[in-house]
Amino acid sequence: KKKVVNYFTIGGLIMNLEYTDTGKIDNIIRNNSDWEFIFYIKCTPKDTAKVENILSRYKCDFPVILDFNDEFAKQNFSEQYGGIGYICDEKNRSLSLALIGTRQSFFDQNFARVKSQLK
């Protein structure tokens, strides 16, 4: 399946959601059922309730992967990021970088462009 993969630290998640319209990410997911949406959150086990509270506060209903050992970052990049997003084809090739949701990202334009390229 084609994928949208996002990685956040807790601070990066908060910052992203502060600039995202309520329900926007869930709407994108609901309207693109032919895509898989994956969210990694770098945190510790004691941060679990904090992540749940953040998602609840911003009315997010999408599932997340709590990355206690920061495995995603270790496997995919050597720099520190508060948040990064990939739009990938079905072979997991990254076709664009953009964080989902936030008005400060080019996700909407990039996602539309990639979807039209992959038709």
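As shown above, the structure is provided for reference.
Let me begin by describing the structure that accompanies this report.

**Examining the sheet that holds strand β1 (residues 2–9)**
Thought 1: Ordered by their spatial adjacency, 5 strands build an open sheet running β3-β2-β1-β4-β5, and the pairing between neighbours is mixed. If you trace the sheet from one side to the other, it starts and ends with β3 (65–67) and β5 (94–97), each paired once. Ignoring which end each strand starts from, the neighbouring axes of this sheet average 25° apart.
Thought 2: Pairing between β1 and strand β2 (residues 35–42): 8 bridges, direction parallel. Across the sheet, the residue bridging to Thr9 is Lys42, located in β2.

**Brief notes about the packing of aromatic side chains**
Thought 1: Applying the stated criterion across every chain yields a total of 10 aromatic pairs.
Thought 2: Both rings, one in Tyr7 and one in Phe77, keep their centres 5.3 Å apart while their planes meet at 75°; by these two values the pair is edge-to-face. Taken together, the residues Tyr7 in strand β1 and Phe77 in the loop between α4 (71–76) and β4 (83–88) connect sequence positions 70 residues apart.
Thought 3: Summarising the aromatic geometry, the rings of Phe37 and Phe111 are spaced 6.2 Å apart at their centres and angled 70° between planes, so their arrangement reads as edge-to-face. In this pair, Phe37 sits in strand β2 while Phe111 sits in helix α5 (residues 107–117), placing the two residues 74 residues apart along the sequence.
Thought 4: Phe111 gets classed as buried once you look at its relative accessible area, which sits at 5%.
Thought 5: Cluster of aromatic residues (ring-pair linked, three or more members): Tyr7, Tyr40, Phe72, Phe77, Tyr81 and Tyr86.

**Quick word on the pairing of β2**
Thought 1: Here β2 pairs with β3 via 3 bridges, running parallel. When the bridges of β3 are listed, Tyr40 appears paired with Ile65.
Thought 2: Considered for its hand, the β-α-β crossover made up of β2, helix α3 (residues 48–57) and β3 is right-handed.

**Section: α3**
Thought 1: Among the residues of α3, Val51, Ile54 and Leu55 are the ones counted as buried. Taken down its axis, α3 places every buried residue within 95° of arc, on the same side. Exposed residues lying more than 90 degrees from the buried face of α3 are Glu52, Asn53 and Ser56.
Thought 2: Looking at the buried positions of α3, the neighbouring elements they touch are α1 (10–18), β2 and β3.
Thought 3: One or two residues past the end of α3 sits Lys59, with phi positive at roughly 55°.

Rules behind the numbers
- Residues numbered from 1 in each chain as written.
- Predicted model: local features only at pLDDT ≥ 70, side-chain atom pairs only at ≥ 80, totals over all residues.
- Heavy atoms only, no water.
- Pairing = 2+ DSSP bridges.
- Helix = DSSP H or I, 4+ residues; strand = E, 2+ residues; numbered from the N terminus.
- Axes fitted to C-alpha atoms, helices over the stretch in contact; angles between N-to-C directions.
- Phe/Tyr/Trp six-rings, centres within 6.5 Å; stacked < 30°, edge-to-face > 60°.
- Buried < 20%, exposed > 50% of the residue type's maximum accessible area, 1.4 Å probe, protein only.
- Right-handed = clockwise from strand over helix to strand, strands pointing away.
- Arc of directions from axis to C-beta.
- Contact = heavy atoms within 4.5 Å.

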